[in-house]
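# A look at the structure
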Amino acid sequence: MSDAPAAPEVRHLPEANRFEAVVDGHVCRLDYLIDDGTMRIHHTEVPYPLEGRGIAAALTRTAIDHARASGLRVQPLCSYVRTWLRRHPEHADLLAG
């Protein structure tokens with residue numbers, strides 16, 4: 001049995017161009033814009049008390065899975081997402097230009 005926290009429930013809020021998870025009452029988010037078939041991910045935010053729990057990774061994975069399912073390319077403008085994609089080369093085929 002693992003003591004690792006469960007992955008948070010990530011919701012897609014397309015009207016806000018955001019993926020969001022509420023953890024311990026804090027809103028965690030990944031913001032994007034879609035332009036010409038490319039999801040431009042420009043911001044992730046996880047409040048300091050929640051850092052290190054894999055929440056940004058869950059947000060990013062959900063966004064990347066959504067991009068793949070929707071036939072979108074990905075442009076990681078956010079440094080966290082750029083690093084995550086480098087660590088997950090199986091998604092390199094989604095990178096825009």
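Structural notes, computed from the coordinates. Every chain is numbered on its own, with residues counted from 1 as its sequence reads. This being a predicted model, a pLDDT of at least 70 is required before a residue's local features are given, and a value of 80 or more before pairs of side-chain atoms are given or counted; all residues contribute to the totals for chains, interfaces and linings. The side-chain values count all of the structure's non-hydrogen atoms but skip hydrogen atoms and water molecules.

This paragraph deals with the sheet that holds strand β3 (residues 26–35). Read from one edge to the other, the open sheet built from 5 strands follows the order β1-β2-β3-β4-β5, with strand pairing classed as mixed. Both outer strands of the open sheet, β1 (11–13) and β5 (73–76), are each paired with one neighbouring strand and no more. Direction aside, the axes of adjacent strands within the sheet are offset by 25 degrees on average. In this description, strands pair whenever DSSP reports at least two bridges between them. Secondary structure elements follow DSSP: runs of H or I of four or more residues count as helices, runs of E of two or more count as strands, with numbering from the N terminus. In terms of strand pairing, β3 meets strand β4 (residues 38–45) through 7 bridges, oriented antiparallel. Bridge assignment links L33 to a residue of β4, and that residue is R40. Any two residues whose heavy atoms approach within 4.5 Å at even a single point are treated as in contact. With axes taken as lines fitted to C-alpha atoms, and helix axes fitted only over the stretch in contact, angles between N-to-C directions fall between 0 and 180 degrees. Its contacts with the sheet place helix α1 (residues 55–70) against β1, β2 (18–23), β3, β4 and β5, and it is angled at close to 150 degrees to β2.

Here we take up the state of the cysteines. Any two cysteine sulfur atoms within 2.5 Å of one another count as a disulfide. A complete count under the given rule lists 0 disulfides for this structure. Between C28, a cysteine without a disulfide, and C78, which holds the nearest cysteine sulfur, the sulfur-to-sulfur distance is 13 Å.

Let us look at the pattern of salt bridges. A side-chain nitrogen of Lys or Arg and a carboxyl oxygen of Asp or Glu constitute a salt bridge if their distance falls within 4 Å. The tally for this structure, following the rule as stated, stands at 7 salt bridges. A salt bridge links E20 to R11; its shortest N-O distance comes to 2.8 Å. For E20, a relative accessible area of 9% translates into the label buried. Here R11 falls in the partly exposed class, since its relative accessible area comes to 38%. In this structure, D93 and R68 form a salt bridge, with 2.9 Å as the shortest nitrogen-oxygen distance. Remark: R68 occurs in helix α1 and D93 occurs in the segment after α2 (79–87); sequence separation between them is 25 residues. Since its relative accessible area comes to 36%, R68 is described here as partly exposed. If you follow the salt bridges from partner to partner, you end up with R11, R18, E20, R29 and D31 in one network. Exposed residues in this analysis have more than 50% of their type's maximum accessible area, buried residues have under 20%, and partly exposed residues fall in between, with area computed by a 1.4 Å probe over protein chains only.

Think of a nonpolar core as a cluster: buried Ala, Val, Leu, Ile, Met, Phe, Trp, Tyr and Cys residues, connected wherever their side-chain atoms sit within 4.5 Å. L30, M39, I41 and L59 are the most contacted members of the largest nonpolar core, which has 23 residues in total. Those elements that place two or more of their residues in this core are β2, β3, β4, α1 and α2. With 6 residues, α1 is the single largest residue contributor to this core.

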